[in-house]
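Summary of the model geometry
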Amino acid sequence: QRDFVSVEDVVKVNTYFLDNPLKSGIYNCGTGAAQSFNDVAVAAINACRKARGEGELALAAMQAQGLIEYIAFPADLKGKYQSYTQADLANLRAAGYTGAFLSVEQGVTQYCEELAGLMSQIAISSYIIRIIILRFQFATSSYNMVILGV
C-alpha cells in the first residue's frame, strides 16, 4: 500500500507555503492514508465507466471480466522498492495547513472527468476543422481560410 497524493493537493500545499513565507521546515505531503494499487485500478476503471454512463463494478467483478491483470513483481526491484508509504502529516498540520486531501477515488475520478471533457473539446474542434477543410477543398471560386484556435 502507498500514500497516493493528487498533484492538485501538492500544489495546494506548496501554495500555502508560498503564501506563508515565514513558515519553513521539512514536511511530508500526502493524504496520510495508505491505499492499495487495487484501489487505484478500481477507481480508474469506475471513473472511465462513469464517463461512458456505465455503473460501477467491484474489484471481484473487474477481475472476473479480465479488466485487471496482475504481473509478477520485477525481481530486480525486490529489496529496493518501498512497498508501504503513509505520510505523517503532524508537522504539516502543526505548520497550520488545514486543507483536506483527495482520496484516490476522488482524485482519479476528477482527473478522468477532466480528461473526458478535454477529449470532447478535441473531438468537437477536430470536427469543426474537418468541416472547414472540406469547405476549402470544395470551394472553387474562393480560397478564404478560417483558422481556429484550439
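Conventions used here
Residues numbered from 1 in each chain as written. Predicted model: local features only at pLDDT ≥ 70, side-chain atom pairs only at ≥ 80, totals over all residues. Heavy atoms only, no water. Helix = DSSP H or I, 4+ residues; strand = E, 2+ residues; numbered from the N terminus. Buried < 20%, exposed > 50% of the residue type's maximum accessible area, 1.4 Å probe, protein only. Contact = heavy atoms within 4.5 Å. Areas by Shrake-Rupley, 256 points an atom, 1.4 Å probe, with all protein chains shown as cover. Core = buried A, V, L, I, M, F, W, Y, C linked by side-chain atoms within 4.5 Å. Expected span 1.5 Å × (residues − 1). Salt bridge = Lys/Arg side-chain N within 4 Å of Asp/Glu carboxyl O. Phe/Tyr/Trp six-rings, centres within 6.5 Å; stacked < 30°, edge-to-face > 60°.

**Here we look at the overall build of the protein**
- Counting its regular elements, the protein contains five helices and zero strands.
- Element order for the protein, N to C, with α for helix and β for strand: α-α-α-α-α.
- Taking all 150 residues of the protein together, 23% fall into the buried category.
- Within the protein, residue pairs in contact and separated by at least 24 positions form 70% of the contacts whose partners lie at least 6 positions apart.
- For the protein, the exposed area adds up to about 10800 Å²; of that, 60% sits on carbon and sulfur atoms.

**Remarks on the nonpolar core**
- One finds Val13, Tyr16, Phe17, Ala87, Leu89, Leu92, Ala95, Tyr97 and Phe101 forming the largest nonpolar core, which totals nine residues.
- The leading source of residues in this core is helix α1 (residues 7-19), at three residues.

**Some details on the side chain of Asn46**
- Inspection of the secondary structure puts Asn46 in helix α2 (residues 37-51).
- What makes Asn46 buried here is its relative accessible area of 9%.
- Discounting chain neighbours no more than four positions away, the residues touching Asn46 are Gly55, Glu56, Leu57 and Met62.

**Digging into α2**
- Its 15 residues place the ends of α2 21 Å apart at the C-alpha level, agreeing with the 21 Å of an ideal helix rising 1.5 Å per residue.
- Taken as a whole, α2 has its buried residues at Val42, Ala43, Ile45, Asn46, Ala47 and Arg49.
- With its phi angle positive at about 80°, Gly53 sits one or two positions after the end of α2.

**What about the pattern of salt bridges?**
- Tallying each qualifying case throughout the model produces four salt bridges.
- Of the charged contacts in the structure, one is a salt bridge between Glu54 and Arg52, with a shortest N-O distance of 3.1 Å.
- Residue Glu54 is classed as partly exposed on the basis of its relative accessible area, which comes to 34%.
- When its relative accessible area of 55% is taken as the criterion, Arg52 is described as exposed.
- When salt bridges that share partners are traced, they join Arg49, Arg52 and Glu54 into one network.

**Notes on the packing of aromatic side chains**
- Under the definition given, this model contains six aromatic pairs.
- Look at Tyr16 and Tyr97: their rings are 5.4 Å apart centre to centre, the planes differ by 75°, and that puts the pair in the edge-to-face class. Here Tyr16 is found in helix α1, whereas its partner Tyr97 is found in the loop between α4 (90-94) and α5 (104-138), with 81 residues between them in sequence. Of the two residues, Tyr16 and Tyr97, neither departs from the other in class, the shared state being buried.

**Structural notes on the environment of Val104**
- Among the secondary structure elements, Val104 is positioned in helix α5.
- For the pair Val104 and Ser6, spaced 98 residues apart in sequence, the C-alpha to C-alpha distance is 7.8 Å.
- Dropping the residues within four chain positions of it, Val104 is found in contact with Phe4, Gln35, Asp39, Val40 and Ala43.

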